[in-house]
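# Breakdown of the fold
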Amino acid sequence: MAEDTPSTRAATPAVAAPSAQSAPITPPAPLVAPQQFSVDVLLEKYAKGDEQSADDVFQRVARGVAQAEPAALRESVEALFADNLRHGALGAGRIMSAAGTGIAATLINCFVQPVGDAIQGVDEQGLPGIYVALLQAAETMRRGGGVGYNFSAIRPKGARVRTTSSSASGPCSYMDVFDASCRTVESAGSRRGAQMAVLDCNHPDLLEFIEAKHSKGRWNNFNVSVGVTDEFMRAVEEDQPWQLVHRAEPSPAMRSADDVRQREDGLWVYGERPAREIWDRIMRSTYDVAEPGIVFISRMNEDNNLRAVETIRATNPCGEQPLPAYGCCNLGPLNLTRFVIDPFAQMQGRQASFDWDGLAKRTRTQVRFLDNVLDVTLWPLQQQHDESRAKRRIGVGFTGLGDTLVMLGLRYNSQEGRDFAVRIAKLMRDEAYRASVELAKERGAFALFDAERYLEAGTFASRLPEDIKQAIRRDGIRNSHLLSIAPTGTVSLAFADNASNGIEPAFSWTYTRMKVMADGGRESFDVEDYAYRLYRELGGNVDKLPDYFVSALQMSARDHLEMMAAVQPYVDTSISKTVNVPADYPFHAFESLYFDAWKSGLKGLATYRPNETLGAVLSVSPPQQTSDDTLADTDLDPLRIAIDHRPKGELPAIIEKVEYLTQAGKKSLYVAVSFIEVTGRLGGEDVTIERPIEFFIPTGQRDESQQWITATMRSLSLAARGGFVGRNLQDMRKVSWDRGQVRLGEVQRLDGHRTPRWHDSEVAALAFAIQQILHRRGFLDAEGNQLPSRVLARLPRGQMKAESALPADFGIRPFPSEADARAVTQSEGASGMHVMLGRKCGSCGANAVIRKDGCDFCTACGEVGACG
């Protein structure tokens, strides 16, 4: 093979118009025509308008991204970018789909966004409140971006909610709301949103978080990971106790426990367990259901080039980008198979080689390409734009490593294969950093650049070759981070003819892949690996493959781990890779993989062990044949059919006024609920029902105090389209805040007496009001539970049930004045005695249960509870 260029090679100018004299010797075009499945994916997911080929897409993307250049350079840079794309460079999915189209979509694949410990506004640490964060996330996903979060700021279950003497429901309950929002959101018309949830290893709700996905259907739109510190890992090693802590004060009931106390640093200890016990719970869950993953937060922060100015708390959904609040993944891989010269030459007794100079040049151009993307993309949020301008993160990576090694005759799970991968990663590191220095000379360094802090001992940049560090000190650097190895998914399938994905080996040489069709159904297709097809076309015998054809399922878990450990030192962010383990892999060996990953300096680890609970998009075995008769009788509950978007035009709707009392006085809102007819199939028969599809409350959007309303209605609308509005409303009924209880509706006791109903927040009160609207419509029962489709199908459509007409006094009866309204909140309860602060009443919801005459007694509604 050709020798690698020396690390002291003079940097090539950051941009130069292509010419016959300067054009590199490029590898030949692919030697095998792309398979039809790859062509179909390209046309369905990436082609726009009258585009018919990959080259059409390349031209559009190059033109769109070159718009960031000065007018005099645009034509030459567009040609440079198009040439790069034709010879192995790629943008991540959002870039290839939306660049140059005029679509109001972001070109950034993923973001990390903060979530604070407040309902709205910002919390004491300046983090956005939960419903503000939800609204921001919905906007980001609507524009095409996935989102990662760390939910650890949210107070744990049982923490005190001031002024109400109630207890918080914890971050897991709010994750249900975020999951509902993501489930049916349209991500720029082409994909649904993806999410990553991280919880710190010392959060009191950690054990609930670990096992939440054991409940079928919960958090289907989240990848979940535990943020693990070095301190925790050492505590596991040494069998030390581990404290679960939070800054939020526990409720009075919890504070009575012996082990609940406040530390000198101000954090509250909610409990203490052996670190090994917690670790075992994590590992058992991961072994059984593949989640949670592990992110080594300490390592991510120590290695960070910007550790002096930011703290990493989370990653993007696939884990290859540890990011600060509002940070982004701007990714672009290089298809390594395009740099193999004379692939499979060993069949004729020759040696295949690799175009190192070509890879170096394409890497440098890719840096400019991705830096331009930051200037031409639409930003869903201003905070994301500001973060990008301050640091200008990009992520040059690669795809097709597994196939490249096969084409060169190298086994992926050999030392030679790992050495070759390291050589690629080191070359790309050095060329990317050199190119970014050149860009800084032309355009300026990123705004927060400080040479001493950037290169201080321990950062990734401090380990660069000395000549590059001297150049950074002298000229600055344009991008704070430059490298990331991401999963390339459909980009590899569409533009690299199904070359192996990212850093992965091929999953299998031939397999079946499920594809979602235009009508929402699924079909299976036979798909072949690129290197396998090329080997066959060049005369190779695929019935007896050489030993260097080693797939992901044919190598050990440790082989996967060793490849990650070899490459990670040359990647300034992280690597997304799945470590496959067989179903019968011993648990103790499985657990040791994670310790080895930590000791090897990895920033995270995700494993997959097949079992009855888990499925896969890819299947080596052909699907079982299903008869047409069986397909015809397949049930499809109309309540469960996902509605991907709101139909155009007007929808039938009802509008109701809801009035309720808060400690600030009476409030009035108008709630609009739109419906749509949905037809499914039950028992072989078509069944049509009416389903709510959209909830809307007109409100002043500039008023920060009303942001929660917009976020709540958007989340509820998405839940309705996904077919689980009833469950979402039940979750909303549990939301509490620290602004006092809210009065809405009435409770009728067994003796016929009617008393006010109390709720722990405006969100909970509004959920109750909407439940009553849907109950009167016949969609939910009186308790807010979902009625089955067969019952709904018998209801008259487009009208209320006669026996459930809207009562004239629904909500709060009108008061003569606001003074009278305030008086009611302080008045006597149904019993004739003053309402007194106490425990929550199971009947009316008021925090007014005291001990009276030896019995539990509600001073708000008069309900008598347990005695003795």
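Residues numbered from 1 in each chain as written. Predicted model: local features only at pLDDT ≥ 70, side-chain atom pairs only at ≥ 80, totals over all residues. Heavy atoms only, no water.

## Quick word on the overall build of the chain
This is how it is decided: Going along the chain from the N terminus, every DSSP run of H or I of four or more residues is numbered as a helix, and every run of E of two or more is numbered as a strand. Remark: exposure states derive from per-residue accessible area (1.4 Å probe, protein chains only) relative to the maximum for the residue type, with buried under 20%, exposed over 50%, and partly exposed in between. Only heavy atoms enter the contact rule, under which two residues are in contact if any of them lie within 4.5 Å.
Scanning the chain for helices and strands turns up 27 helices and 31 strands. Counting only residues that meet the buried cut, the chain has 57% of its 868 residues in that class. Counted over contacts in the chain with a minimum sequence separation of 6, partners at least 24 positions apart contribute 70%.

## Things to note about the pattern of salt bridges
To keep it simple, the criterion reads: Throughout this description, the term salt bridge denotes a Lys or Arg side-chain nitrogen within 4 Å of a carboxyl oxygen of Asp or Glu.
For the coordinates displayed, the defined rule picks out 62 salt bridges. E208 is the partner of K157 in a salt bridge, and the nearest nitrogen-oxygen pair spans 3.4 Å. Here K157 is found in the loop between β2 (146-150) and β3 (160-161), whereas its partner E208 is found in helix α7 (residues 206-211), with 51 residues between them in sequence. Overall, the relative accessible area of 43% leaves K157 in the partly exposed class. We classify E208 as partly exposed; its relative accessible area is 27%. Between R443 and D371 there is a salt bridge whose closest N-O contact spans 2.8 Å. Separated by 72 residues along the polypeptide, R443 in helix α15 (residues 415-443) and D371 in helix α12 (residues 356-376) bring together distant segments of the chain. The exposure class of R443 is partly exposed, given its relative accessible area of 23%. With relative accessibility at 0%, the residue D371 sits in the buried group. Here the salt bridges share partners, and the residues they tie into one network are E69, R368, D371, D375, R392, E442, R443 and R478.

## Looking at helix α17 (residues 466-475)
Threshold: Along the arc lie the directions from the helix axis toward the C-beta atoms.
Every buried residue of α17 is accounted for by I468, K469, A471 and I472. Here the buried residues of α17 occupy an arc of 160° about the axis, which is enough to place them on one side. Looking at the buried side of α17, the elements it contacts are α15 and α16 (451-454). Backbone geometry just downstream of α17 places G476 in the positive-phi region, at approximately 80°.

## Structural notes on the pairing of strand β6 (residues 222-228)
For the record, the criterion: For two strands to pair, DSSP has to find at least two bridges joining them.
By the criterion of burial, β6 is predominantly enclosed, with six of the seven residues buried. Bridge count between strand β5 (residues 195-200) and β6: six bridges; the pairing is parallel. Bridge assignment links L199 to a residue of β6, and that residue is V226. Of the pairings in the sheet, the one linking β6 to strand β10 (residues 293-296) comprises four bridges and is parallel in character.

## Observations regarding the packing of helix α8 (residues 230-237) against helix α21 (residues 587-599)
Selection rule: Here an angle of 0 to 180 degrees is reported between the N-to-C directions of two axes, which are lines fitted to C-alpha atoms, with helices fitted over the stretch in contact. Throughout this description, any angle smaller than 35 degrees is read as roughly parallel, any larger than 145 degrees as roughly antiparallel, any in the 65 to 115 degree range as roughly perpendicular, and the remainder as oblique. Helix crossings get a hand from a simple test, with the near helix turned counterclockwise from the far one by less than a right angle marking a left-handed crossing and a clockwise turn marking a right-handed one. Nonpolar residues are Ala, Val, Leu, Ile, Met, Phe, Trp, Tyr, Cys and Pro. Charged residues are Asp, Glu, Lys and Arg, and all others, Gly as well, are polar.
Two elements in contact, α8 and α21, have axes separated by 12 Å at closest approach and are oriented at 130°. Taken together, the axes of α8 and α21 are oblique relative to one another. The way α8 lies across α21 gives a crossing that is left-handed. On α21, the residues touching D230, M233, R234, V236 and E237 of α8 are F595, W598 and K599. Its residues assigned to classes, the contact of α8 with α21 comprises four nonpolar, no polar and four charged.

## Focus on the confidence of the model for the chain
For the record, the criterion: Values of pLDDT, ranging from 0 to 100, describe the predictor's confidence in every residue of the model.
When pLDDT is averaged along the chain, the result is 85; 84% of the residues meet or exceed 70. Note that residues 1-28 has pLDDT below 50 and, in this model, 58 contacts with residues that lie over four places away or in other chains. Between residues 621-633, whose pLDDT stays under 50, and residues either more than four places distant or in other chains, the model counts six contacts.

## Some words on the sheet that holds strand β8 (residues 261-262)
Taken together, the three strands give an open sheet; going across it, the order is β7-β9-β8, and neighbouring strands pair in antiparallel fashion. Each edge of the sheet is formed by a strand with only one pairing partner; in this case those strands are β7 (241-246) and β8. Bridge count for β8 against strand β9 (residues 268-274) is two bridges, and the pairing is antiparallel. Bridge pairing in β9 places R261 opposite V269. Each of β7 and β9 is contacted by helix α10 (residues 275-289), which is oriented at about 80° to β9, the strand it contacts most.

## With respect to the pairing of β2
Note the cut-off: For crossovers, right-handed means that the path from the first strand over the helix to the second runs clockwise, given strands pointing away from the viewer.
In terms of burial, β2 is a largely internal element, five of the five residues being buried. Residues G146, G148 and N150 of β2 are buried on one face, and the alternating residues V147 and Y149, pointing to the opposite face, are buried as well. Alignment of strand β1 (residues 110-112) against β2, held across three bridges, turns out to be parallel. Each bridged residue has a counterpart across the sheet, and for V112 the counterpart in β2 is G148. In the classification by handedness, the crossover that spans β1, the intervening helix α5 (residues 130-142) and the parallel β2 is right-handed. In the sheet, β2 pairs with β5 via four bridges, with the strands oriented parallel. Looking at β5, one finds that V147 is bridged to Q195.

## Some words on the sheet that holds strand β13 (residues 328-329)
Reading across from one edge, β13-β1-β2-β5-β6-β10-β21-β20 is the order of the eight strands in this open sheet, with mixed pairing throughout. The sheet terminates laterally at β13 and β20 (578-580), the two strands that pair on one side only. The sheet contacts of α5 involve β1, β2 and β5, and relative to β2 the element is tilted by about 155°.

## Concerning helix α1 (residues 36-45)
Those residues of α1 that sit buried are F37, S38, V41 and L42. What you see down the axis of α1 is that its buried residues fit within an arc of 140°, all on one side. Residues of α1 that are exposed and point over 90 degrees away from its buried face: Q36 and E44.

## Structural notes on the packing of helix α24 (residues 725-732) against helix α25 (residues 762-777)
Close contact between α24 and α25 brings their axes to 8 Å; oriented N to C, the two are set at 145°. Both α24 and α25 take part in a crossing whose hand is left-handed. Residues L729, Q730 and M732 of α24 form the contact with α25, whose own contacting residues are V763, A764, A767, I770, Q771 and L774. Residue classes in the contact of α24 with α25 are distributed as seven nonpolar, two polar and no charged.

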